[in-house]
Amino acid sequence: MNLLLLGLLLAGTLLMGTHATQAQQPLAQTTTVYLPLVIKPGMPSGVVGPTELNLRAATHLGGSDDDHAAAVVLGADGTVIVAGTLPGYQPPGVVPTTLLDGSDGWLLRFSTDGQLLGATRLGAEVTGLAVDPTGTLVACGDFGLAALSAEAQSLLWHAEVGAGRRCAVGLDGTSAVLVENEVALVAANGTPLGRWSAGRGSSNDLVVDGQREQVIVTGFVQITSNLQIPFIRAYSYTGELRWRSYDFPAGTPNLGTADTRGERLALGQDGMLYVAGSINGGTGASIFVRDPKDTSQSATDRIVVTDRYTNPFNVGSIKMLWIGRFDPADGTLLLGQSLLTRLSNERGNSISAAAMTASSDGTVYLAGQAFASLAQRDDVVINGARIGSYGGGDAYVLVLSPDLRQRQLWVAFSAEDGSRGGAVGLAVDNETVALVANLTRGAFVTHNALQAAPGGGTDAYMAVWAR
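Cut-off values and rules
Residues numbered from 1 in each chain as written. Predicted model: local features only at pLDDT ≥ 70, side-chain atom pairs only at ≥ 80, totals over all residues. Heavy atoms only, no water. Pairing = 2+ DSSP bridges. Helix = DSSP H or I, 4+ residues; strand = E, 2+ residues; numbered from the N terminus. Axes fitted to C-alpha atoms, helices over the stretch in contact; angles between N-to-C directions. Disulfide = S-S within 2.5 Å. Buried < 20%, exposed > 50% of the residue type's maximum accessible area, 1.4 Å probe, protein only. Core = buried A, V, L, I, M, F, W, Y, C linked by side-chain atoms within 4.5 Å. Contact = heavy atoms within 4.5 Å.

Student: So what exactly am I meant to see when it comes to the sheet that holds strand E38 (residues 432-441) here?
Tutor: In a beta sheet, neighbouring strands pair by backbone hydrogen bonds and run either parallel or antiparallel. Spatially, the four strands line up as an open sheet ordered E5-E39-E38-E37, and their pairing is antiparallel. The open sheet terminates on both sides in strands that have one partner only, identified here as strand E5 (57-61) and strand E37 (420-428). The average undirected angle you get between the axes of adjacent strands in this sheet is 20°. Bridge count between E38 and strand E39 (residues 459-466): eight bridges; the pairing is antiparallel. When the bridges of E39 are listed, alanine 434 appears paired with valine 464.

Student: What am I meant to see in the state of the cysteines here?
Tutor: Here, the word disulfide means a covalent bond between the sulfur atoms of two cysteines. For the structure shown, the criterion picks out one disulfide. A sulfur-sulfur separation of 2.4 Å characterises the disulfide bridge that pairs cysteine 140 with cysteine 167. An S-S torsion of about -80° defines the bridge between cysteine 140 and cysteine 167 as left-handed. Of the two residues, cysteine 140 is situated in strand E12 (residues 137-141) and cysteine 167 in strand E15 (residues 166-169); the sequence distance between them amounts to 27 residues. Looking at cysteine 167, the relative accessible area reads 11%, which means it is buried.

Student: Help me understand the nonpolar core, please; the structure alone is not making it clear to me.
Tutor: Across soluble globular proteins, you tend to see nonpolar side chains buried next to one another. In terms of nonpolar packing, the biggest core is built from 52 residues, with Leu55, Leu366, Tyr396, Phe413, Leu435 and Tyr461 touching the most fellow members. At six residues, strand E35 (residues 394-400) tops the list of elements feeding residues into this core. Filtering out sequence-adjacent residues up to four positions away, tyrosine 461 remains in contact with Leu55, Ala58, Thr59, His60, Phe413, Leu435, Val436, Ala437, Phe444 and Val445. One finds Ile229, Tyr246, Leu265 and Ile303 within the second-largest nonpolar core, a separate group that totals 29 residues.

Student: In this structure, what is going on with the sheet that holds strand E23 (residues 259-267)? I would like to understand it.
Tutor: One open sheet holds the four strands; their spatial order is E23-E24-E27-E28, and the pairing between them is antiparallel. Only two strands of the sheet have a single partner each, and these edge strands are E23 and strand E28 (332-339). Going from strand to strand, the sheet's axes swing by 25° on average, the running direction of each strand aside. Pairing analysis gives eight bridges linking E23 to strand E24 (residues 273-280), with the strands arranged antiparallel. Its bridge partner being in E24, alanine 266 is matched across the sheet by tyrosine 274.

So this is what it looks like as structure tokens:
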């Protein structure tokens, strides 16, 4: 065992939660012994340790204009498909297919070692991409919702539902898209199934639970003039509300004082529902410490605290992350965890999640933007080289064990000192992990790159490694 880890294991760290305000207190007002987060056998093969990653491929994508990745999926044949908006982009070595008056919207199809296999222009903007078990691709954007062949070379159907913000597809092939604050549902053959309002508040994401024939939506409600709370709502395929979590009316006791939102959803390969939420302030002052069905009941017995990055003390008004595993049948909370970064003076700092998923064993994957600094950032090594110094916002990936007690990986992708950006998409199958991000300054780590250098402005980025 590494001597540093052994020393931490023997000594531990004792922290008393008596120095913070109510909004900044640790979740439990008892002595907490922090043990090191160690690596277990059977880890993803691209992961050498919690701060070391070996990539199969990584590349910038885009020209001199502002380019933005939106999503990534892994096809049924193992290929990596990147979706985004890349104005004026000319992919090298392939002749693009054009669908739906394609101009600046793109689907780029890669092998896992970074070879560009095909490119498809699709509309003027692509905002989301999903894949069903047969390999059919479902994309959304300014064109509405569309299904494409697995190679993205032909259009299977097109639903003109209005500009789509987020889209998803279920195991049964049913697709859903968020259009403003409405859900539009389309059958696997392209037949419209219905459209309904997602209810009060603002919707941020949705998933399709084909097993139960329901659509689950998350977002937030401005419940009073100075308080936002999240909601998770499940609707039948006919638009009937089946269950709700955290969706309490104003005046309900124990709603907390910190603004909270539901940001991202995922149906894991383990069949569970995963939610990424945000908190402006400490978890202890938020609704996330209460049971999502009954605010009179505490949820702290299901919130996992492992170290100073999951214990939200000394946080002030930062925007931190909360993740939860739920039963999709009724929205019951099974397990949760707070997540924040730390400045060198131990003050908490902000982190957000733009994508999440889970593998069949419940291993959780998160990607987004982290501010100074994620744990052991100075030790992060990718493909044998240390990453560049912090530049004002890191594109990161975080991998957590199924019990949320072990960080298998937490790295940023900066290649140059001062690089800046954020991850926006993530996909996992039995063999591969793929991530997409947007770079706003500097450069990200590349390997077997189609495009080693950024093109200018904001650039899209893709990274692939073995699981």
